[in-house]
Amino acid sequence: QKDAIAGLIFILPAFISLCVFVLYPLVDSVRISLYEWGILGQKIFIGFENYQRLFSDHIFLQSLWNTFRWVIIYVPASILVSLILALAMDMPLKGIGFFRTMFYLPVITPTVVCSLLFVWLYNTDFGVINYLLGLVGVAPVQWLTDGKISLISIAIMSIWKNAGYNMLILLAALQGIPERVYEASALAGITPWRKLSTIKLPLIMPSMYFVVLTSVIDAFQIFTEVHLMTGGGPGYSTYTVSFYLFANAFEYGKMGYACAMSVIMFIIIMTVTMIQDKVMNKSVAYDT
């Protein structure tokens, strides 16, 4: 009983933090979404009117579509790059530790710094990327001012910044594969491609499951990069739900409307996560 009490005392700070900073805001967001509230003004109960307005708001619908586009573009590309890096960093080469460090450095660099760096690199008139393209006769590309490619441009920056984190997780999984498995495959004389497809990938599936799950959840909440690099433009081409939610809450003063968006996003993320869990858990359970 004393051990149980001691254990409860130790977890109490984390439990209080969870209740204050996660559970209470979550429940209160649902409550506030039923009101018309301008933060400083009086709350007026309007029921589900905020939710009805959402699905006739073309900016919200555009933001929702852009968010799904972002997830579809960013997540597969990011995981593929992370996997390639992890496989490369798993090679027994001299000085490989230096390259592992270099690939991980962007992860610990603040997102603000990375975003502003790429704004400069992408600059149409004097950016380094367009300068290099000009050397080979390619016309300047409007990386952040062309609505057709602006979201992809932001995705390239995010992949560069975040790939090292997933690389580290997948690399740890690769290095956790027992050496005897590789010895048995060498005796069987299997090709490097078969070693990858039949040994490495199946055995790192639990880590891959974690990487995919967290990447999708993070991707749905994209905000900082959009806010700093394009401000949602050109037009509404890079508006995401998180960006539009922030604008309504803290620029337009529509806190109830913003909370309705957050509830919708919570439902979407929870639904997608549950679907992923059902689909990927089967392969993880099988492979483990």
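Residues numbered from 1 in each chain as written. Predicted model: local features only at pLDDT ≥ 70, side-chain atom pairs only at ≥ 80, totals over all residues. Heavy atoms only, no water.

Q: Just to check I follow, could you spell out unusual backbone geometry for this structure?
A: For residues besides glycine, phi is generally negative; the peptide bonds are generally trans as well. Following glycine 233, the chain continues to proline 234 via a peptide bond in cis, the omega torsion being -5°. Its location among the elements puts proline 234 in the loop between helix H11 (224–229) and helix H12 (241–251). (Helix = DSSP H or I, 4+ residues; strand = E, 2+ residues; numbered from the N terminus.)

Q: Explain the nonpolar core here, please?
A: In a soluble, globular protein the nonpolar side chains are often hidden away together inside. Core analysis: the biggest nonpolar cluster contains 62 residues, and Leu54, Phe60, Trp70, Ile204 and Met208 have the highest contact counts within it. Of all the elements in the fold, those that place two or more residues in this core are helix H2 (49–54), helix H3 (58–89), helix H5 (111–122), helix H7 (150–175), helix H10 (205–219), H11, H12 and helix H13 (255–287). The greatest single-element share of this core, amounting to 12 residues, is contributed by H3. Contacts of tryptophan 70, omitting those with residues within four sequence positions, involve Val75, Leu151, Ile154, Ala155, Ser158, Ala219 and Ile222. (Core = buried A, V, L, I, M, F, W, Y, C linked by side-chain atoms within 4.5 Å. Buried < 20%, exposed > 50% of the residue type's maximum accessible area, 1.4 Å probe, protein only. Contact = heavy atoms within 4.5 Å.)

Q: I tried to follow the side chain of serine 242 on my own but got confused; where do I start?
A: Checked against the element boundaries, serine 242 lands in helix H12. Once residues lying within four places of it in the same chain are set aside, the contact partners of serine 242 are Phe220, Gln221, Ile222 and Phe223.

Q: How should a nonpolar patch on the surface be read in this particular structure?
A: A cluster of nonpolar side chains, Leu117, Trp120, Phe126, Val128, Tyr131, Leu132, Leu135, Val136, Val138 and Trp160, forms an exposed patch at the surface whose accessible area comes to about 1,000 Å². Elements represented by at least two residues in the nonpolar patch include exactly H5 and helix H6 (128–135). By residue number, the principal contributor to the nonpolar patch is H6, which donates 4 residues. (Patch = residues over 30% accessible without salt bridge, like charges linked within 9 Å, V, L, I, M, F, W, Y side chains within 5 Å. Areas by Shrake-Rupley, 256 points an atom, 1.4 Å probe, with all protein chains shown as cover. Salt bridge = Lys/Arg side-chain N within 4 Å of Asp/Glu carboxyl O.)

Remember, this is a structural readout, not a statement about activity or role.
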